[in-house]
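# Coordinate analysis (summary)
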Amino acid sequence: MAHKIFRILAPIGVLLASLGAYAVLQATKPVPSQSQEQARPSSVQVAIAAEGDVALDVRAQGEVRARTTIDLVSQIAGRIVAVSPEFVEGGNIKPDVALLRIEDTDYTLALQQAEAQVADAELAVEQALADADVARKQLRNERNPSDLALRKPQIAQARANLEAAKANLTQATINLERTQLTLPFSGRVASISVNVGQYITPGTSLARVFSTDVVEVRLPLSNTQLASLGLPIGYTAPSDGGLEVDFSAEVAGEVHHWYGRLARLDAAIDPETRMLFAMAELADPYGENMSKQGMPMAVGLFVDATIKGREVTSAVNIPRGGLRAGNMVYVVNGDGQLEIREVKVLHTSGELAVIASGLKPGEQVVTSAIRNPIPGMPLQAISSSEG
């Protein structure tokens, strides 16, 4: 019996002993040391917010167009007998120099006839005056002679005929002058519609031409850009010139610059774009004011325009890359941590952002990208430059 009990209790004892040994081992095993590793700071590029005087230059783009573009139309009928060598696309137009000539034989004859009519009308006036003088002498003893008897209506009619004849003479002279088509301004030929030998009638379109004395560029401005210029809506420049404008464009592989003036601002805001348009001008773009390489600011050219705006003193400015969407900036504070701030922006350009408030001179502004920026995250500035 005892042997049987031993056989039952022996395995139980072994199990209990094993559990006890395991518990002792667990209680006495060494505990690994706990170490709290600090987050490694992210390396970022920074620029120092600088304070200084800044010119609020405004940049815009637009297409060069002529101030005056017209269709050259004939006012008389006739056959074209000669054209100027400049009557071609791109031809150079000089003031009062004939571009083409219409056959003038009929108009010369009409002028001679008109001159003869004037001579006849003058003679008729003299005859009417002489007849009136004779009638007055004959009727000097008559009491209250009629105007008709005194030849007064005949004189009036003769004088009216003379005025009509002179008007016909003037018209004939003008028509003869119109056989040579000229323009009162310097310009260029954009396209031609007729040539030598063609018969034309009044109203026939001969060519499309544009003036080259002044070209214009229409520039869209935002509300912020308008504030940078410091000009009111509807502004018109004084006679001695407005704000300076630097036009630039790449032509034939080279960058060219031309220097004009801001002439005026529109008096109304565009209802579709909510932009205000400015008009900048350049005088004599094909002559005196070509670029230094000799390139004209040609009509149809798309140009960049930099308008010299007002100057702000003691302004805080940073590189344009330091300004984030929503007018936010990332600042590395004195503890090397990230601060995300909203700032008030006074002006932006391709290189600078001018800050009105929210940033102090000397603070470090992050100019490089940060993944998942979180306020308070540690940062390390790896480079620093003046803003």
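A quick note: this is a predicted structure, and the numbers were derived from the prediction, not measured.

Parameters at a glance
- Residues numbered from 1 in each chain as written.
- Predicted model: local features only at pLDDT ≥ 70, side-chain atom pairs only at ≥ 80, totals over all residues.
- Heavy atoms only, no water.
- 1 Å grid on protein atoms, 1.4 Å probe; cavity = no way out; pocket = protein on both sides within 12 Å on 5 of 7 lines; lining within 4 Å.
- Points joined across faces, edges and corners; volume = space filled by probe spheres on them.
- Helix = DSSP H or I, 4+ residues; strand = E, 2+ residues; numbered from the N terminus.
- Nonpolar A, V, L, I, M, F, W, Y, C, P; charged D, E, K, R; others polar.
- Polar contact = N/O pair within 3.5 Å; in protein donor to acceptor, adjacent residues only side chain to side chain.
- Contact = heavy atoms within 4.5 Å.
- Salt bridge = Lys/Arg side-chain N within 4 Å of Asp/Glu carboxyl O.
- Buried < 20%, exposed > 50% of the residue type's maximum accessible area, 1.4 Å probe, protein only.
- Pairing = 2+ DSSP bridges.
- Axes fitted to C-alpha atoms, helices over the stretch in contact; angles between N-to-C directions.
- Expected span 1.5 Å × (residues − 1).
- Core = buried A, V, L, I, M, F, W, Y, C linked by side-chain atoms within 4.5 Å.

## Quick notes on the layout of surface pockets
For the largest pocket, the calculated volume is near 180 Å³. The wall of the largest pocket is formed by 14 residues, among which G241, G242, R261, A263 and E281 lie closest to the centre. Of all the secondary-structure elements, those providing two or more residues to the lining of the largest pocket are β14 (254-265) and β15 (276-283). For the lining of the largest pocket, the per-class residue count stands at eight nonpolar, four polar and two charged.

## Some details on the side chain of H256
In this fold, H256 is placed in strand β14. A distance of 3.3 Å separates a polar side-chain atom of H256 from the backbone oxygen of V251. Among the polar contacts made by the side chain of H256, one reaches the side chain of S291 at a distance of 3.0 Å. Contacts of H256, omitting those with residues within four sequence positions, involve F247, S248, A249, V251, S291, Q293 and M295.

## Focus: the pattern of salt bridges
Tallied over the full model, the rule gives 14 salt bridges. The partner of K152 in a salt bridge is D147, and the shortest N-O contact between them spans 3.8 Å. Judged by its relative accessible area of 47%, K152 falls in the partly exposed class. Between E363 and R341 there is a salt bridge, with its nearest N and O atoms 2.7 Å apart. Of this pair, E363 sits in the loop between β21 (352-357) and β22 (364-366) while R341 is found in strand β19 (residues 338-342), placing the two residues 22 residues apart along the sequence. The same class applies to E363 as to R341, namely buried. The network of salt bridges with shared partners includes R67, E216, R264 and E281.

## A word on the sheet that holds strand β17 (residues 311-319)
Overall, antiparallel pairing links the four strands, which are arranged β2-β17-β21-β20 in an open sheet. Here the strands that pair on one side only, and so sit at the sheet edges, are β2 (50-55) and β20 (344-348). Strand-to-strand twist in this sheet, taken as the mean axis angle between neighbours without regard to direction, amounts to 50°. One ladder, built from five bridges, connects β2 with β17; its direction is antiparallel. Bridge pairing links A50 to N317 in β17.

## Examining the sheet that holds strand β10 (residues 199-200)
If you walk across this open sheet you meet the four strands as β8-β7-β5-β10, and the pairing is antiparallel. The sheet is open, and its two edges are formed by β8 (180-181) and β10, each paired on a single side. When strand β7 (residues 100-102) meets β8, the two strands line up antiparallel, connected through two bridges. Looking at the pairing, L100 lines up with L181 of β8.

## Observations regarding the side chain of N175
With respect to the helices and strands, N175 occurs in helix α3 (residues 152-177). Exposure remark for N175: the relative accessible area of 18% places this residue in the buried category. Once residues within four sequence positions are removed from consideration, N175 is found in contact with I76 and Y107.

## Looking at the pairing of β14
In terms of strand pairing, strand β13 (residues 244-251) meets β14 through eight bridges, oriented antiparallel. Looking across to β14, one finds that F247 is bridged to W258. Between β13 and β14, which pair antiparallel in sequence order, lie two residues; one of them, A252, sits at a positive phi of approximately 55°. Pairing of β14 with β15, which is carried by four bridges, proceeds in the antiparallel orientation. In the sheet register, R261 faces β15, and the bridge partner there is E281.

## Points about the pairing of strand β12 (residues 214-221)
Within β12, six of the eight residues are buried, which leaves it mostly tucked inside the rest of the structure. Sheet analysis places strand β3 (residues 58-66) next to β12, joined by three bridges and oriented antiparallel. Bridge pairing links A66 to V215 in β12. The sheet contact formed by β12 and β15 spans eight bridges and is antiparallel. Looking at the pairing, V215 lines up with L282 of β15.

## So, α3
Over its 26 residues, α3 runs 38 Å from end to end, which matches the ideal 38 Å to within 8%, given 1.5 Å per residue. Within α3, the full set of buried residues consists of I155, A158, L162, A165, A172 and N175. In this fold, the buried residues of α3 make contact with α2 (105-138).

## Some remarks on the nonpolar core
Counting residues in hydrophobic clusters, the biggest one holds 28 residues, and the most contacted among them are F247, L265, M297 and V303. Secondary structure elements with two or more residues in this core: β3, β12, α4 (223-229), β13, β14, β15 and β16 (302-307). When residues no more than four places from it in sequence are discounted, the contact partners of L265 are L221, L226, L231, P232, G234, Y235, L276, F277 and A278. Core analysis: the second largest hydrophobic core is formed by 18 residues, I93, I200, L206 and V209 among them.

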